[in-house]
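Tertiary structure, described
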Amino acid sequence: MDVHGTVAEGFEPVRDAFAGNFAALGDRGAAVAVYRDGRKVVDLWGGARDVDATDGAAGPPGTEPWRRGTAQVVRSATKGVAAAVPLLLHQRGELDLDAPVGEYWPEFKAHGKERVLVRHVLNHRAGLPALDRPLSPEDALDPLRGPRAVAAQAPVWEPGTDHGYHALTYGWMLDELVRRVTGGRGAGEWIADEIARPLDLDLWVGLPAAEEAAGRAGRVGRLPEAEPTGGGPRLRPKRAVTEAYGDPASLTRRAFAAITPFPDQNDPAYRAAALPATNGVATADGLARFYAALIGDVDGVTRRVRLFDPATMERARAQESAGPDRVLVVGTRFGLGYMLHGSASPFLSPGSFGHPGRGGALGFADPEAGVAFGYVTNGFRKTVTADPRAQALVRAVRESLRRTGSDVDRV
């Protein structure tokens, strides 16, 4: 399998790891981009743009090659992009992170939710990871019905007292909150106007019809689990995790089943909707460039652009939630809208912040190293927060930093 693109001197380990993902870990189509101090040092892609030739299930690989501008659904890596919206609104003085959500969205107060703060939406402490009545795919894509369902839902735990991953409800809460603050502009529109366009990002939460017609998004699908190579052990999840995902009544299953059945991720209607928790479409460069702009200046369309001021950046990555996650059943760490480096979701260093997408994608920034990273793939696996392909690339970035003289002993 040919690897296309370029790497700066010293970042050759990333190219080797990227090729190894195809040879040893079963990748069929993927791309990775890395920025360092606002400059792109890795831009690689390879394989087929579609995981298969027909229906999105594991099967024969597609034949049309992945190209530089190929984009893919990045699942929950969308959350990290969406989190920038309320943080930037706060930075502009338009949103109070410590205000009750109901102050902006009065209908949300029902069933004891008057104590849910804006920051609880971002740090997964709102107590609303599941719906008693899951939404159909049609209802889930409607911009009004998801927020109404969350507003009518009683919390599973006392808001603010514990944390658990809000896999799908996160998006409805964030989107409606943004609409209420901005006078009707949803998170997807805000991202397009205020983030993607100024930075010239190939990144959308709500893929425009013109981009869909141009075939920008490849087909995604489920890959068979990769067998270990070189005689290494096959890693298995802990029993508690396996039981949680296997029990239809568990909070874990209910959180991921808030839309039942889940929409076809290759359906143009799904990609056109704006679900800030799950359906972002991005290139690896778009994802990495976004994170580069969170931590420093990046060349934009007409000027150098930095999204977060230093105070907002620190606010985003300051630990808000940590410990056993009531949904994911492992220890997780969250800032405001971003996962933080930890055993469940390893990034580059303890100062990194970002978000994985279930089954593969990953985007993050590391301010101390000046690094921003984006990986997208068309082949999803069972992993939720630490896909082996993305982790192999992160390790290669760390090795590249050592080769180029960076002090990375702390990582």
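In this report, the structure presented in the accompanying data block is examined.

A word on helix α14 (residues 310–317)
For α14, the set of buried residues is Thr 312, Met 313, Ala 316 and Arg 317. Around the axis of α14, the buried residues are gathered within 125° of arc, so they sit on the same side. Of the surrounding elements, those touching the buried residues of α14 are α2 (77–91), α13 (284–295), β12 (339–340) and β13 (353–356).

Looking at the pattern of salt bridges
By the definition in use, this model includes 30 salt bridges. Close ionic contact of Lys 40 with Asp 43 constitutes a salt bridge, the shortest N to O distance being 3.5 Å. Classification of Lys 40 as partly exposed rests on a relative accessible area of 34%. For Asp 43, a relative accessible area of 9% gives the class buried. The partner of Arg 179 in a salt bridge is Asp 175, with the nearest N and O atoms 3.4 Å apart. Note that Arg 179 and Asp 175 are positioned in helix α7 (residues 169–182) at a spacing of 4 residues, about one turn of the helix. In the salt-bridge network here, residues are joined through shared partners; they are Arg 92, Arg 185, Asp 193, Glu 194 and Arg 197.

Some points on unusual backbone geometry
Across the junction of Thr 260 and Pro 261, the peptide omega takes the value -10°, indicating a cis bond. In this structure, Pro 261 sits in the loop between α11 (251–256) and α12 (268–272). Residues other than glycine seldom take positive phi values, yet Asp 37 does so here, at roughly 55°. Relative to the helices and strands, Asp 37 resides in the loop between β2 (29–36) and β3 (39–47).

As for helix α15 (residues 388–403)
Two residues of an α-helix separated by three or four positions point the same way, owing to the 3.6 residues in each turn. Spanning 16 residues, α15 covers 23 Å between terminal C-alpha atoms, matching the ideal 22 Å at 1.5 Å per step. Among all positions of α15, only Arg 389, Ala 390, Gln 391, Ala 392, Leu 393, Val 394, Ala 396, Val 397, Arg 398, Ser 400 and Leu 401 are buried. The inward-facing, buried residues of α15 abut α1 (12–24), β2, β14 (362–366), β15 (371–377) and β16 (379–380). Of the residues flanking the end of α15, it is Gly 405, one or two places downstream, whose phi is positive at about 90°.

Digging into the packing of α1 against α15
For the pair α1 and α15, the least separation of the axes is 7 Å and the interaxial angle reads 165°. Our classification of the angle between α1 and α15 gives roughly antiparallel. Here the hand of the crossing between α1 and α15 comes out right-handed. Packed against α1, whose contacting residues are Glu 12, Pro 13, Val 14, Ala 17, Phe 18 and Asn 21, the element α15 presents Arg 389, Ala 392, Leu 393, Ala 396, Val 397, Glu 399, Ser 400 and Arg 403 at the interface. Of the residues that constitute the contact of α1 with α15, the class distribution is 8 nonpolar, 2 polar and 4 charged.

Topic: the environment of Pro 261
The exposure class of Pro 261 is exposed, given its relative accessible area of 55%. For the pair Pro 261 and Ala 217, spaced 44 residues apart in sequence, the C-alpha to C-alpha distance is 22 Å.

A few points about the nonpolar core
If you look at the biggest cluster of nonpolar residues, it comprises 118 residues, and the most contacted ones within it are Phe 290 and Tyr 338. For Phe 290, the residues in contact, after removing those within four places along its chain, are Gly 80, Val 81, Ala 84, Ile 195, Leu 201, Leu 203, Leu 307 and Tyr 338.

Structural notes on the side chain of Arg 381
In this structure, Arg 381 sits in the loop between β16 and α15. Among the polar contacts listed, one links the side chain of Arg 381 to the backbone oxygen of Leu 25, at a separation of 2.6 Å. One polar contact links the side chain of Arg 381 to the main-chain carbonyl oxygen of Pro 224, over a distance of 2.8 Å.

A short note on the packing of aromatic side chains
Evaluated as defined, the whole model comprises 11 aromatic pairs. Over the face of the ring belonging to Phe 380 we find Arg 75, whose NZ or CZ atom lies 3.8 Å from the ring centre. The ring of Phe 108 has Lys 113 lying over it, and the distance from NZ or CZ to the ring centre is 5.2 Å.

What about the pairing of β2?
Burial runs high along β2: 7 of the 8 residues are buried. As judged from the 8 bridges shared by β2 and β3, these two strands associate in the antiparallel manner. Bridging across to β3, Gly 29 finds its partner in Gly 47. In textbook terms, the turn of a hairpin is the stretch between consecutive antiparallel strands, and for β2 and β3 this stretch comprises 2 residues, one of which, Asp 37, has a positive phi near 55°. Relative to β15, β2 runs antiparallel, the two being bridged by 7 bridges. By the bridge assignment, Ala 30 is partnered in β15 with Thr 377.

Cut-offs and rules
Residues numbered from 1 in each chain as written. Predicted model: local features only at pLDDT ≥ 70, side-chain atom pairs only at ≥ 80, totals over all residues. Heavy atoms only, no water. Buried < 20%, exposed > 50% of the residue type's maximum accessible area, 1.4 Å probe, protein only. Helix = DSSP H or I, 4+ residues; strand = E, 2+ residues; numbered from the N terminus. Arc of directions from axis to C-beta. Contact = heavy atoms within 4.5 Å. Salt bridge = Lys/Arg side-chain N within 4 Å of Asp/Glu carboxyl O. Expected span 1.5 Å × (residues − 1). Axes fitted to C-alpha atoms, helices over the stretch in contact; angles between N-to-C directions. Parallel < 35°, antiparallel > 145°, perpendicular 65-115°, else oblique. Left-handed = near helix turned anticlockwise from the far one by under 90°. Nonpolar A, V, L, I, M, F, W, Y, C, P; charged D, E, K, R; others polar. Core = buried A, V, L, I, M, F, W, Y, C linked by side-chain atoms within 4.5 Å. Polar contact = N/O pair within 3.5 Å; in protein donor to acceptor, adjacent residues only side chain to side chain. Phe/Tyr/Trp six-rings, centres within 6.5 Å; stacked < 30°, edge-to-face > 60°. Lys NZ or Arg CZ within 6 Å of the ring centre and 35° of its normal. Pairing = 2+ DSSP bridges.

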